[in-house]
Amino acid sequence: PDLVRAPCQNACPAGVDVPGFVSLVGEERYAEALRHHRERNPFASICARVCFHPCESKCRRAGLDHAVAIRGVKRFMVEQETTPQLPAIKDDPARARRRVAIVGGGPAGLACGYFLARLGYKPTVFEAEAQAGGMLVQTIPSYRLPRAELQREVRMIESLGVEIRTNSKLGRDFTLQGLRADGYEAVFLGLGAPAGSRLGVPGEDTLGVTEAIRYLREYNLHGAAPTGKRVVVVGGGNAAIDAARTALRLGAESVQLLYRRTRAEMPAWIEEIEEAEHEGLKMEFLIAPLEVVSEGGRVTGLKCQRMSLGEYDRTGRRRPVGVAGSEFVVPTDHVIAAIGQTLEPGAFLGDVQVELTRNGYLVADPVTGQTSVPWIFAGGDAATGPASVVDAVGTGEKAAVGIDQFLTGT
């Protein structure tokens, strides 16, 4: 009991008191429930729509019949909100004078700004795009996350004294050393993992081959993304499902998803997979791409190979192994690669030597978010690798506490 108050709360990366806000909703004390939720996570409305609710998988009620519909209760709770419900906020003139920069206006950066503001700071968020939200606005489609809900909670954070400067990209418009020279005493890096991984097969630079992050960003930020008639999506994660459902909405006659493992091993959220199937997505498993087939410089097909599951690898899953002589070509005029995301630290670190992981992410203390450079902190996908919204929120809160400890010594 001293270590884990409730399994659902322990399963939440942001540490939300799930039994607390659910009980308050049950008593129809909706304003108190919202304030209680925002003690640990400001994005009640956002997470009510896009969180993968790890809390429900650990719900004790499941031992009797079914888990409590925690995310559904949260959705009902936020729909009762008429005026912003905020927890206690400190007014601290000494902290307000300390300058803190947050690079990246995604869930990690916004959460860091929110918790710093609650401690009395007035941090500045630098966002590369024209609007804040990071992957929330760039890659999550609006049918999953209505933009009005996103903007409402961003404005709520701004109302606490968090300044958001858009169209300000690290490495292009300013540098880490420049921030330091301007008087910023601490910097939080919440840049996400904005670059999509390449397929790594011959012909992937052919016209008609794109990667999911770029495809979703083009549509979500600019309202249009070139889409073929016969689309093939390679991958099994949430970005793959989002890209496939977006292609269907943009007029593709057929969308086929290819995944090198089995359906049971797909990392995408099961509810999203089922919704995509209802919308017409066809899925094929134990298939891996070998080569992009083209004619006249444009993709006409994807040469693939059937796979079988071999020995277990470091992820705890059986490794896909190619079946000899099983090659075949899938006809297509548009290939979308959704096989992972990466960070390109060389583009923004400049001369600052921050320790990196083997995969090129920022090494950050899991408790404080502090990197190998004492005044630089990191969180979200830039430090953990691609993860969920609520994971990013949890790292943002920890970094805010770590920054406060670094600046005040207490």
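Below: a short report on this structure. (Residues numbered from 1 in each chain as written. Predicted model: local features only at pLDDT ≥ 70, side-chain atom pairs only at ≥ 80, totals over all residues. Heavy atoms only, no water.)

### Comments concerning the sheet that holds strand 3 (residues 163-165)
Condition: Strands pair, by our definition, only if DSSP identifies at least two bridges between them. In this description a helix means any DSSP run of H or I spanning at least four residues, a strand means any run of E spanning at least two, and both kinds are numbered starting from the N terminus. Note on geometry: axes are lines fitted to C-alpha atoms, helical ones only across the stretch in contact, with angles between N-to-C directions running from 0 to 180 degrees. Here a residue-residue contact requires only that any non-hydrogen atoms of the pair lie within 4.5 Å.
Reading across the sheet, the five strands line up as 3-2-1-4-16 and stay open at both edges, with parallel pairing between neighbours. This sheet does not close on itself; its edge strands, each paired only once, are strand 3 and strand 16 (376-378). On average, each strand axis in the sheet is tilted by 20° relative to the strand beside it, whichever way the strands run. Where strand 1 (residues 100-103) and strand 4 (residues 186-189) come together, four bridges link them in parallel fashion. Along strand 4, the bridge assignment pairs isoleucine 102 with phenylalanine 188. Here helix 8 (residues 107-118) sits on the sheet and contacts strand 1, strand 3 and strand 4; the angle it forms with strand 1, its principal contact strand, is near 160°.

### Points about helix 12 (residues 212-222)
Given 3.6 residues per turn, any residue in an α-helix points the same way as the ones three and four places further on. Definition in use: Buried residues are those whose accessible area, probed at 1.4 Å on protein chains only, stays under 20% of the maximum for their type, while exposed residues exceed 50% and partly exposed ones sit between those limits.
The complete set of buried residues in helix 12 reads Ala212, Ile213, Tyr215, Leu216, Arg217 and Asn220. In the segment just after helix 12, glycine 223 is the residue with positive phi, at about 80°.

### Digging into unusual backbone geometry
The backbone of glutamate 28 sits at a positive phi, close to 65°, despite the residue not being glycine. Inspection of the secondary structure assignment puts glutamate 28 in the loop between helix 2 (18-26) and helix 3 (30-37). Owing to a relative accessible area of 59%, glutamate 28 belongs among the exposed residues under this scheme. We note that leucine 286 has phi near 55°; this positive angle belongs to a residue other than glycine. Topologically, leucine 286 is positioned in the loop between strand 9 (282-285) and strand 10 (287-295).

### Concerning empty space enclosed by the protein
The condition is simple: Definitions used for this entry: grid spacing 1 Å over protein atoms alone; cavity, a set of points where a 1.4 Å probe fits but cannot get out; pocket, an open set with protein on both sides within 12 Å along at least 5 of 7 lines; lining residue, one with an atom within 4 Å of a point. Grid points are joined across faces, edges and corners, and a volume is the space filled by probe spheres set on the points. Under the grouping applied here, Gly and all other residues not named as nonpolar or charged are polar, the nonpolar ones being Ala, Val, Leu, Ile, Met, Phe, Trp, Tyr, Cys and Pro and the charged ones Asp, Glu, Lys and Arg.
According to the stated counting rule, one finds one cavity of 30 Å³ or more in the structure shown. There is about 100 Å³ of room inside the largest cavity. In terms of lining, the largest cavity is formed by 13 residues, of which the most central are Cys12, Cys51, Cys55, Ile70 and Lys74. Within the residue set of the lining of the largest cavity, elements represented by two or more residues are helix 2, helix 5 (54-57) and helix 6 (70-78). Taken together, the residues of the lining of the largest cavity break down into nine nonpolar, two polar and two charged.

### With respect to the nonpolar core
Spelled out, the test is: The set of buried Ala, Val, Leu, Ile, Met, Phe, Trp, Tyr and Cys residues whose side-chain atoms join them within 4.5 Å is what this entry labels a nonpolar core.
Phe21, Phe43, Met77, Cys112, Leu116, Phe188 and Ile403 are the most contacted members of the largest nonpolar core, which totals 58 residues. Residues contacting phenylalanine 188, with those up to four places away along its chain left out, are Ala101, Ile102, Val103, Ala108, Gly109, Cys112, Phe377, Ala378, Gly379, Gly396, Ala399 and Ile403. In this structure, Val103, Leu176, Val354 and Ile376 belong to the second largest nonpolar core, which totals 24 residues.

### Focus: the sheet that holds strand 8 (residues 254-259)
Strands sit in the order 6-14-7-8-9 across an open sheet of five strands; the sheet is parallel. Taken across any chain shown, the strands that pair with only one partner, and hence form the sheet edges, are strand 6 (209-211) and strand 9. Across the sheet, the axes of successive neighbouring strands diverge by a mean angle of 20°, strand direction being ignored. Running over the sheet, helix 12 touches strand 6 and strand 14 (334-337) and is turned about 85° from strand 6.

### As for the state of the cysteines
Using the following cut-off: Cysteine sulfur atoms that come within 2.5 Å of each other are treated as a disulfide pair.
This structure, assessed with the given rule, holds zero disulfides. The thiol of cysteine 12 is unpaired, and the distance to the nearest cysteine sulfur, on cysteine 55, comes to 6.4 Å. The closest cysteine sulfur to the non-disulfide-bonded cysteine 47 is located on cysteine 51, 4.9 Å from its own sulfur.

Everything listed here is a matter of geometry and, on its own, says nothing about what the molecule does.
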